[in-house]
Amino acid sequence: MTSIAPLRDFVARFTRLYERGLAPDTIQQEGAVLLRDLVSRDDWLPEPFTRPNPERYSQYLLHCDPLERFSVVSFVWGPGQKTPLHDHRVWGLIGMLRGRESETQFVRGADGKFHAGETSVLNPGEVVALAPGVNDYHLVANALADQASISIHVYGDNIGGVSRATYDPETGAEKSFISGYSSEDVPNLWDRSKRVEAA
């Protein structure tokens with residue numbers, strides 16, 4: 001039986017990073033360790049937040065800090081689905097839970113146009129970080145053509161409410177967007193009435 005306890009513990013531990021008064025980059029560094037522990041096992045994500053949408057990738061909200069200091073989402077990719085080139089404008093952590101994800105980094109030139117950099121692949125249990133002004137422009141895709149992939153993302157804000165942008169790589173043309181979330185529901189982390197949860 002799926003136990004949501006690892007996600008609840010992750011949220012509690014991540015919240016404590018803020019209680020320690022840490023700088024954002026330190027929160028991101030220590031948070032990466034917590035996220036790596038969370039995605040080291042694949043038995044806790046509730047099934048409704050694992051469902052691919054045949055039309056486009058899904059971004060399911062798993063938790064948003066009450067003060068919107070951070071949010072946790074599951075990204076679910078159908079076979080072959082990908083994002084446009086986009087930014088985040090806040091720091092982020094990406095942990096691979098299931099399947100494989102490819103990421104192509106882009107660098108913006110002085111003329112406003114983008115140049116593709118390296119493409120890397122994220123495998124289950126691995127975590128990568130991104131930050132504005134460092135590596136915030138990228139295109140992400142499901143690296144598998146025959147099955148869904150799921151990654152867990154943590155952002156330094158309520159990512160569904162942040163004004164961001166997609167870009168045309170060749171012209172640099174920018175289009176603003178606010179992503180919102182793919183579901184109006186969030187998992188109930190705090191109900192302990194079903195005490196059959198495994199440690």
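*Asks:* Lay out helix α1 (residues 5-19) with the relevant residues and their values.
*Replies:* The end-to-end C-alpha distance of α1 is 21 Å, a good match for the 21 Å that 15 residues give at a rise of 1.5 Å each. Those residues of α1 that fall on the buried side of the exposure criterion are A5, P6, L7, R8, F10, V11, F14, T15, L17 and Y18. Buried residues in α1 make contact with α2 (24-38), β1 (58-64), β2 (71-77), β3 (92-98) and β8 (149-155). Downstream of α1 by one or two residues, G21 has phi in the positive range, about 70°.

*Asks:* Please give an account of the side chain of H63 that cites residues and values.
*Replies:* By the secondary structure assignment, H63 is in strand β1. Beyond its immediate sequence surroundings of up to four residues, H63 is in contact with V11, F70, S71, V72 and L189.

*Asks:* Residue-level account of the pattern of salt bridges, with values.
*Replies:* Should their charged atoms come close, side chains of opposite charge can pair. Counting across every chain of the model gives eight salt bridges. Close ionic contact of D42 with R98 constitutes a salt bridge, the shortest N to O distance being 2.7 Å. Of this pair, D42 sits in the loop between α2 and β1 while R98 sits in strand β3, and the two are 56 residues apart along the sequence. Assessed through its relative accessible area of 37%, D42 is described here as partly exposed.

*Asks:* Describe in detail the packing of α1 against α2, supporting the description with residues and values.
*Replies:* Packing of α1 against α2 brings their axes to within 10 Å, and their N-to-C directions diverge by 170°. Judged by the inter-axis angle, α1 sits roughly antiparallel to α2. Contacts between α1 and α2 involve P6, L7, F10, R13, F14, L17 and Y18 from the first element and I27, E30, G31, L34, L35, D37 and L38 from the second. The residue makeup of the contact of α1 with α2, split by class, is 10 nonpolar, one polar and three charged.

*Asks:* Let's hear about the packing of aromatic side chains: which residues, and what values?
*Replies:* Here the structure, examined in full by the defined rule, presents 12 aromatic pairs. With a centroid separation of 4.9 Å and 35° between ring planes, the pair formed by F14 and F70 is classed as tilted. Here F14 is found in helix α1, whereas its partner F70 is found in the loop between β1 and β2, with 56 residues between them in sequence. Each member of the pair F14 and F70 is classed as buried. Centroid distance Y18 to F70: 5.7 Å. Interplanar angle 10°. Geometry classified as stacked. Here Y18 is found in helix α1, whereas its partner F70 is found in the loop between β1 and β2, with 52 residues between them in sequence. For the cation-ring pair, R56 lies above Y57, with the distance from its terminal atom to the ring centre recorded as 4.6 Å.

*Asks:* Can you break down the pairing of β8 residue by residue, with the values?
*Replies:* With respect to burial, β8 is a largely interior element, seven of its seven residues being buried. Side chains of β8 alternate between two faces, with S149, S151, H153 and Y155 and I150, I152 and V154 buried alike. In this structure, β2 lies alongside β8, joined through seven bridges in antiparallel fashion. Directly across from S71, in β8, lies its bridge partner Y155.

The rules behind these values
- As a convention, each chain's residues are numbered from 1 in the sequence order in which they are written.
- Where local features are concerned, this predicted model is filtered to residues with pLDDT of at least 70; where side-chain atom pairs are given and counted, the filter is 80 or more; whole-chain, interface and lining totals use all residues.
- The side-chain quantities take in all heavy atoms of the structure and omit both hydrogens and water.
- Helix and strand labels come from DSSP, where a helix needs a run of H or I of at least four residues and a strand needs a run of E of at least two; each type is numbered from the N terminus.
- Take the number of residues in a helix, subtract one, and multiply by 1.5 Å to get its expected span.
- Partly exposed describes any residue whose relative accessible area lies between the buried limit of under 20% and the exposed limit of over 50%, with all areas from a 1.4 Å probe on protein chains only and scaled to the type maximum.
- We call two residues in contact when some of their heavy atoms are within 4.5 Å.
- Any carboxyl oxygen of Asp or Glu within 4 Å of a side-chain nitrogen of Lys or Arg constitutes a salt bridge here.
- The convention used is that axes are lines fitted to C-alpha atoms, helices contributing only their stretch in contact, and that angles between N-to-C directions extend from 0 to 180 degrees.
- Oblique is the label for any angle not under 35 degrees, not over 145, and not in the 65 to 115 range, which are roughly parallel, roughly antiparallel and roughly perpendicular in turn.
- Each residue receives one of three labels: charged for Asp, Glu, Lys and Arg, nonpolar for Ala, Val, Leu, Ile, Met, Phe, Trp, Tyr, Cys and Pro, and polar for the others, Gly being one of them.
- Centres within 6.5 Å make a pair out of two Phe, Tyr or Trp rings, where for Trp the six-membered ring is used; the pair is then stacked when the planes are under 30 degrees apart, edge-to-face when over 60, and tilted otherwise.
- A ring is considered to have a charge above it if a Lys NZ or an Arg CZ atom is located within 6 Å of its centre and within 35 degrees of its normal.
- A pair of strands counts as paired when DSSP detects no fewer than two bridges linking them.

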